[in-house]
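The residues making up each chain are set out below.
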Amino acid sequence: MTDERSNDLFKRAQAVIPGGVNSPVRAYAAVGGTPRFIERGSGARVWDIDGQGYVDYVMSWGPLIHGHAFGPVVNALESGAAYGTSYGAPTAAEVELAETLVRCVPSVEMVRLVNSGTEATMSAIRLARAATGRDRILKFAGNYHGHADALLARAGSGSLTLGVPTSPGVPRSVVAQTSVLPFNDAQAVGRTFAAQAEEIAAVIVEPIAGNMGVVPPVPGFLETIRRVTTETGALFIADEVITGFRVGLGGAQQYLDFAPDLTTLGKIIGGGMPVGAYGGRRDLMEKMAPVGEVYQAGTLSGNPLATAAGLANLQALQEPDFYQRLDTRTQRLAEGLRRAAAGVGVPITVNAVTGMLTMFFTGGPVASLDDAQRSDTERFARFFHAMLDRGIMLPPSQFEAWMISSAHTEEIIDETIEAAEAALRILM
Ligand SMILES: *Cc1c(COP(=O)(O)O)cnc(C)c1O
């Protein structure tokens, strides 16, 4: 196996792009080696520029719930491009996408389209501060909400992987307005509200965490957030940029039955094109310009190609049993990985929720960032490369979610389990 062309390109990339990548999570900083440069993808597989094929569990970090080069998305882009790429004026497709989001996501009565998840959370925070007249934001360690200043305190994903959970360049005065609590710690939420309720504008949370690896909420956690925010007039922001349309059509809020005030979306709703959205209660959303005074804008927001791709992606999710089948495959992979690890005596914990999964190299359970960080990351790095050698591309960090798509057939899942059995054996 050769990675000659990826190596050459990575050298060129590093000369002109910091670290050779346009998003830090793509570098193999946590696992060592050279990131593979991808030439094309189809279904559950990608091929690198050296001609090597892989079963892909990165899936663009979430958007590709139907796999790579999904026919309806490709068609929407091909036919759309001929009409022009952007007008800076309203189009029918953005109305249809907004209507689809409002119809599917239970608490969303109105929605604004933006270009990324980062923009969505940043805008939701601004709205929450404007609506409450308060400044403090409460977030949870290991949750990642994009790279806006106020939310880069003890963040998950790349900042966790690279060990810079709070970035230099973020003004101290900005993160001073952000309180960070342990994920799944309802008592800490209660205590913080008891002490600071009149300061808190919003609690923002990944309802099923994906950015420290997959960590579902414990019973009572989201319920406590809902109760104390309602009691104190603070807002509950559910960051569903990963979970939206992944764990079900109505996202985690439908899957787990809770009602946030604001919801942020991204990833799947753009079908692999740059899209984000924030939405929620009508009275809140009507505070946004031009109806209200809270300003937020975007030259390419609601872009016709991005919305066409997003609509094509979402339409194909509405077939009956889609999520049941996705869940069956996710659980099949989870079970297979547990069996494989038990067979060789490697302690692991697999957290799996419909369409997303993390295999932690720790005996577990994993319910918080502290638990996740007990994982043997050195062992993960060796496992990652042993899998890559066997044609399976995992996210290059212990603290990320493997994304399962409808293109990951039972055969592909079983191929993955077999590779994991062999990879785990050589770790011992
Ligand atoms: C990916 C992600 C974001 C940021 O989205 P971008 O499109 O990368 O800016 C925000 N929140 C969560 C939960 C995410 O997973």
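Everything quoted here is computed from the prediction, not taken from an experiment.

(A) Just the site of the ligand, in detail. The local shell around the ligand consists of Ser116, Gly117, Thr118, Tyr144, His145, Gly146, Glu206, Asn211, Asp239, Val241, Ile242 and Lys267. Within the backbone of Gly117, one N or O atom sits 2.9 Å away from an oxygen atom of the ligand. Interatomic distance of 3.3 Å between a backbone N/O atom of Tyr144 and a nitrogen atom of the ligand. Summarising the interface, the protein chains cover 83% of the accessible area of the ligand, which totals 380 Å² for the free molecule. A class-by-class count of the residues in the shell around the ligand yields 3 nonpolar, 6 polar and 3 charged.

(B) Focus on the sheet that holds strand S11 (residues 349-353). Ordered by their spatial adjacency, 3 strands build an open sheet running S11-S12-S14, and the pairing between neighbours is antiparallel. Across the chains shown, the open sheet's two edge strands, defined by having one partner strand only, are S11 and strand S14 (402-403). Seen against the sheet, helix H12 (residues 322-344) touches S11, strand S12 (356-360) and S14 and runs at an angle of roughly 175 degrees to S11.

(C) A look at the domain arrangement of the protein chain. Segmenting the protein chain into domains produces domain 1 (4-69 + 320-425) and domain 2 (71-317). Look at where the C-alpha atoms of domain 1 and domain 2 centre, and you get two points 25 Å apart. Taken together, the contacts link 34 residues of domain 1 with 37 residues of domain 2. Both faces considered, domain 1 and domain 2 share a buried interface measuring about 2,800 Å² in area, 65% of it formed by carbon and sulfur atoms. Of all residues in domain 1, Tyr323, Met356 and Leu369 bury the most surface against domain 2, accounting for 22% of the area lost on that side. Scanning the region where domain 1 abuts domain 2 turns up 0 salt bridges.

(D) How the structure looks around the nonpolar core. Counting 66 residues, the largest nonpolar core has Tyr57, Leu101, Phe245 and Phe383 as its most contacted members. Of the domains in this structure, domain 1 (4-69 + 320-425) and domain 2 (71-317) are the two that each give at least three residues to this core. Residue contacts for Leu101: discarding those within four places in its chain leaves Val108, Val111, Leu113, Phe245, Leu265, Ile269, Ala277 and Leu314. Counting 39 residues, the second-largest nonpolar core is a separate cluster that includes Leu64, Ala188, Ile225 and Met403.

(E) Local environment of the environment of Leu333. On the secondary structure map, Leu333 appears in helix H12. In this structure the C-alpha to C-alpha distance between Leu333 and Asn75, which are 258 residues apart in sequence, comes to 31 Å. The residues touching Leu333, leaving out its near neighbours within four places in the chain, are Tyr57, Leu357, Trp402, Ile404, Ile413, Thr416 and Ile417.

(F) Region of the structure containing the packing of aromatic side chains. The final tally for this structure, using the stated rule, is 11 aromatic pairs. Taken together, a centroid distance of 5.1 Å and an interplanar angle of 65 degrees make the contact between Phe183 and Phe221 edge-to-face. Of this pair, Phe183 sits in the loop between strand S6 (178-181) and helix H7 (186-196) while Phe221 is found in helix H8 (residues 221-232), placing the two residues 38 residues apart along the sequence. Each member of the pair, Phe183 as well as Phe221, is classed as buried.

(G) The side chain of Asn313, seen in detail. Within the secondary structure, Asn313 is located in helix H11 (residues 304-315). According to the relative accessible area criterion, Asn313 is buried, its value standing at 3%. Residues in contact with Asn313, not counting those within four places in the same chain, are Pro63, Ile65, His66, Phe70, Val73, Ile268 and Gly271.

(H) View of empty space enclosed by the protein. Applying the stated criterion across every chain yields a total of 2 cavities of 30 Å³ or more. The calculated volume of the second largest cavity comes to roughly 40 Å³.

(I) Region of the structure containing the pattern of salt bridges. All chains considered together, the criterion is met by 13 salt bridges. Here Arg325 and Glu319 are joined by a salt bridge, their closest N and O atoms 2.8 Å apart. In this structure Arg325 comes out as partly exposed when scored by relative accessible area, which is 37%. Of the residues examined, Glu319 reaches a relative accessible area of 39% and is grouped as partly exposed.

(J) Here's a closer look at the packing of helix H2 (residues 71-81) against H11. The interhelical angle for the contact between H2 and H11, taken along N-to-C directions, is 155 degrees, at an axis separation of 8 Å. Considered as vectors, H2 and H11 are oriented roughly antiparallel to each other. Here the hand of the crossing between H2 and H11 comes out right-handed. Across the interface between the two elements, Pro72, Val73, Ala76, Leu77, Gly80 and Ala81 of H2 pack against Leu305, Ala308, Ala309, Ala312 and Asn313 of H11.

(K) Region of the structure containing the pairing of strand S1 (residues 38-42). Across 4 bridges, S1 lies against strand S2 (residues 45-48) in antiparallel orientation. Along S2, the bridge assignment pairs Ser42 with Arg45. Between the antiparallel neighbours S1 and S2 lie 2 residues, among them Gly43 with a positive phi of about 60 degrees.

(L) Structural detail: helix H4 (residues 117-132). Between its first and last C-alpha, H4 extends 22 Å over 16 residues, near the 22 Å set by a 1.5 Å rise per residue. Those residues of H4 lying buried are Gly117, Thr118, Ala120, Thr121, Ser123, Ala124, Ile125, Leu127, Ala128 and Thr132. Gly133 occupies a position one or two residues after H4 and carries a positive phi of about 70 degrees.

(M) Region of interest: the sheet that holds S2. Read across the open sheet, the 4 strands follow the order S1-S2-S3-S13; overall the sheet is mixed. The sheet terminates laterally at S1 and strand S13 (392-393), the two strands that pair on one side only. In terms of strand pairing, S2 meets strand S3 (residues 53-56) through 3 bridges, oriented antiparallel. The residue bridging Val46 from the neighbouring strand is Tyr54, located in S3. With respect to the sheet, helix H15 (residues 410-427) is in contact with S2, S3 and S13, its orientation differing from that of S3 by roughly 105 degrees.

The rules we used
- Residues numbered from 1 in each chain as written.
- Predicted model: local features only at pLDDT ≥ 70, side-chain atom pairs only at ≥ 80, totals over all residues.
- Heavy atoms only, no water.
- Near = heavy atom within 4 Å.
- Polar contact = N/O pair within 3.5 Å; in protein donor to acceptor, adjacent residues only side chain to side chain.
- Areas by Shrake-Rupley, 256 points an atom, 1.4 Å probe, with all protein chains shown as cover.
- Nonpolar A, V, L, I, M, F, W, Y, C, P; charged D, E, K, R; others polar.
- Pairing = 2+ DSSP bridges.
- Helix = DSSP H or I, 4+ residues; strand = E, 2+ residues; numbered from the N terminus.
- Contact = heavy atoms within 4.5 Å.
- Axes fitted to C-alpha atoms, helices over the stretch in contact; angles between N-to-C directions.
- Domains from an automatic or database assignment.
- Buried area = accessible area lost by both parts, 1.4 Å probe.
- Salt bridge = Lys/Arg side-chain N within 4 Å of Asp/Glu carboxyl O.
- Core = buried A, V, L, I, M, F, W, Y, C linked by side-chain atoms within 4.5 Å.
- Buried < 20%, exposed > 50% of the residue type's maximum accessible area, 1.4 Å probe, protein only.
- Phe/Tyr/Trp six-rings, centres within 6.5 Å; stacked < 30°, edge-to-face > 60°.
- 1 Å grid on protein atoms, 1.4 Å probe; cavity = no way out; pocket = protein on both sides within 12 Å on 5 of 7 lines; lining within 4 Å.
- Points joined across faces, edges and corners; volume = space filled by probe spheres on them.
- Parallel < 35°, antiparallel > 145°, perpendicular 65-115°, else oblique.
- Left-handed = near helix turned anticlockwise from the far one by under 90°.
- Expected span 1.5 Å × (residues − 1).

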